[in-house]
Amino acid sequence: MDTSWKMVVKGLKTAVVPDREELISAALLEAAGQPVSVREARKRLLLLSIAAINGKLVLISVEDGALVCLISFADLVEVLSGPAPTLGEVMDRARGGSAQPPRS
């Protein structure tokens, strides 16, 4: 499973850019894809949970267009506590390499 969204978010969380929050939001929305309704999420909860455990973000659309993000606990901890990616990791990923950020 491609989890490059984690590398992007970890890099942006320490970046000093004026629109950092918007960039992080855009990266998460792109990685998650189209949100599912609460009704659909209820029907597919096991499958959505397995997808989240495998590194896929899942968005659930609730009332008034608000979004809830389903993310595995391990991914959340990694993104919040892990170091930003090195330049080498970013360059390797840009070239289509498979370098994964070090696990925290």
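Peer 1: Report on the packing of helix H1 (residues 4–13) against helix H2 (residues 20–32), specifying residues and quantitative values.
Peer 2: At their nearest, the axes of H1 and H2 sit 10 Å apart, and the two run at 175 degrees to each other. As far as their axial angle goes, H2 and H1 are roughly antiparallel. Where H1 approaches H2, its residues Trp5, Val8, Val9, Leu12 and Lys13 are matched on the opposing element by Arg20, Leu23, Ile24, Ala27, Leu28 and Ala31. A per-class count over the contact of H1 with H2 returns 9 nonpolar, no polar and 2 charged.

Peer 1: Provide a residue-level description of the pairing of strand S3 (residues 67–70), including the pertinent values.
Peer 2: Two faces belong to every sheet, and in a regular strand the side chains alternate between them. Relative to S3, strand S2 (residues 58–61) runs antiparallel, the two being bridged by 4 bridges. Within S3, the position partnered with Leu59 by the bridge is Cys69. Between S2 and the antiparallel strand that follows it, S3, lie 5 residues; Asp64 among them carries a positive phi value of about 60 degrees.

Peer 1: Help me get a handle on the pairing of S2, residues and values and all.
Peer 2: Sheet analysis places strand S1 (residues 36–37) next to S2, joined by 2 bridges and oriented parallel. Each bridged residue has a counterpart across the sheet, and for Ser37 the counterpart in S2 is Ser61.

Peer 1: Any chance you could break down the pattern of salt bridges for me, citing the residues and the numbers?
Peer 2: Per the stated rule, a full pass over the model turns up 4 salt bridges. With a closest N to O distance of 3.2 Å, Lys6 and Glu78 form a salt bridge. With Lys6 in helix H1 and Glu78 in helix H5 (residues 73–81), this residue pair connects regions lying 72 residues apart in the sequence. Per residue, the accessibility class of Lys6 equals that of Glu78, and both read buried. Taking the shortest distance from any N to any O, the salt bridge between Glu78 and Lys10 comes out at 3.3 Å. In this pair, Glu78 is assigned in helix H5 and Lys10 in helix H1, connecting sequence segments 68 residues apart. Comparing Glu78 with Lys10, the two get one shared label, buried.

Peer 1: Talk me through the side chain of Glu89; I want residue IDs and the actual numbers.
Peer 2: Structurally, Glu89 is set in helix H6 (residues 87–94). Buried charge without a partner: Glu89 forms no salt bridge, and the closest opposite charge is Lys10, 6.9 Å away.

Peer 1: With reference to specific residues and values, describe the sheet that holds S3.
Peer 2: With respect to topology, 3 strands assemble into an open sheet ordered S1-S2-S3, the strand pairing being mixed. Each edge of the sheet is formed by a strand with only one pairing partner; in this case those strands are S1 and S3.

Peer 1: An account of the environment of Val8 is requested, with residue identities and associated values reported.
Peer 2: The residue Val8 is located in helix H1 in this model. Take Val8: its relative accessible area is 40%, and that puts it in the partly exposed class. For the pair Val8 and Ile24, spaced 16 residues apart in sequence, the C-alpha separation works out to 7.8 Å.

What counts and what doesn't
Residues numbered from 1 in each chain as written. Predicted model: local features only at pLDDT ≥ 70, side-chain atom pairs only at ≥ 80, totals over all residues. Heavy atoms only, no water. Axes fitted to C-alpha atoms, helices over the stretch in contact; angles between N-to-C directions. Helix = DSSP H or I, 4+ residues; strand = E, 2+ residues; numbered from the N terminus. Parallel < 35°, antiparallel > 145°, perpendicular 65-115°, else oblique. Contact = heavy atoms within 4.5 Å. Nonpolar A, V, L, I, M, F, W, Y, C, P; charged D, E, K, R; others polar. Pairing = 2+ DSSP bridges. Salt bridge = Lys/Arg side-chain N within 4 Å of Asp/Glu carboxyl O. Buried < 20%, exposed > 50% of the residue type's maximum accessible area, 1.4 Å probe, protein only. Lys, Arg positive; Asp, Glu negative; His and termini not counted.

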